[in-house]
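Now for the letters of each chain:
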Amino acid sequence: MDERAMIDLAALPLSLTLPICFLAGLVLGYAYFRAVRETADLIVGQGPLLLGLALTLGRLALLCAGFYLAVQAGGLALLAALAGVLCAKTVMLRQARRADA
């Protein structure tokens, strides 16, 4: 591959990288925990086993790919993405508690 075609994510300014990684982490976390909820609903409702397996493998692959991209931008970007995932988890847990109440 041509070296000019590659983008060095670590060379981007932190003022741009960190908010983008945080927002990407929010989206990634929402998708991940939504898939967890769907998988749990499938297990409880005795849904199709292959769909549950696909959701599990898909959410893990998506999380790994997202964190891999964040690592390419540096350690702080990875922490920002992780913070976004954890914030999405917190929001989704609050929504689930409100729905159960």
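Read on for an overview of the structure. Source: prediction; values computed, not measured.

What follows concerns helix 3 (residues 75-100). The terminal C-alpha atoms of helix 3 lie 38 Å apart, and with 26 residues this matches the ideal 38 Å at 1.5 Å per residue to within 8%. Here helix 3 has its buried residues at Ala77, Ala80, Ala81, Gly84, Val85, Ala88 and Met92. Where the residues of helix 3 are buried, they touch helix 1 (14-44) and helix 2 (49-72).

Residues Leu14, Leu76, Leu79, Leu82 and Leu86 make up a contiguous nonpolar surface patch of about 450 Å² in total accessible area. The element best represented in the nonpolar patch is helix 3, accounting for 4 residues. Tracing the chain through its elements places Leu79 in helix 3. The class of Leu79 is exposed, set by a relative accessible area of 52%.

Enumeration according to the criterion identifies 2 salt bridges in this entry. Across the pair Glu38 and Arg34 runs a salt bridge, and its minimum N-O distance is 3.1 Å. Taken as a pair, Glu38 and Arg34 lie in helix 1 at a separation of 4 residues, close to a single helical turn. Given the relative accessible area of 30%, Glu38 is considered partly exposed. Of the residues examined, Arg34 reaches a relative accessible area of 38% and is grouped as partly exposed.

Residue position: Gln72 is located in helix 2. Each C-alpha atom, one on Gln72 and one on Ala11, is 10.0 Å from the other, the two residues being 61 residues apart in sequence.

Turning our eyes to something else, we now look at the packing of aromatic side chains. Within this structure, the stated rule accounts for 1 aromatic pair. Centroid distance Tyr32 to Phe33: 5.0 Å. Interplanar angle 85°. Geometry classified as edge-to-face. For Phe33, a relative accessible area of 22% corresponds to the partly exposed category. Geometry around Tyr32 places Arg59 over its ring, the cationic atom sitting 5.5 Å from the centre.

The rules behind each value
- Residues numbered from 1 in each chain as written.
- Predicted model: local features only at pLDDT ≥ 70, side-chain atom pairs only at ≥ 80, totals over all residues.
- Heavy atoms only, no water.
- Helix = DSSP H or I, 4+ residues; strand = E, 2+ residues; numbered from the N terminus.
- Expected span 1.5 Å × (residues − 1).
- Buried < 20%, exposed > 50% of the residue type's maximum accessible area, 1.4 Å probe, protein only.
- Contact = heavy atoms within 4.5 Å.
- Patch = residues over 30% accessible without salt bridge, like charges linked within 9 Å, V, L, I, M, F, W, Y side chains within 5 Å.
- Areas by Shrake-Rupley, 256 points an atom, 1.4 Å probe, with all protein chains shown as cover.
- Salt bridge = Lys/Arg side-chain N within 4 Å of Asp/Glu carboxyl O.
- Phe/Tyr/Trp six-rings, centres within 6.5 Å; stacked < 30°, edge-to-face > 60°.
- Lys NZ or Arg CZ within 6 Å of the ring centre and 35° of its normal.

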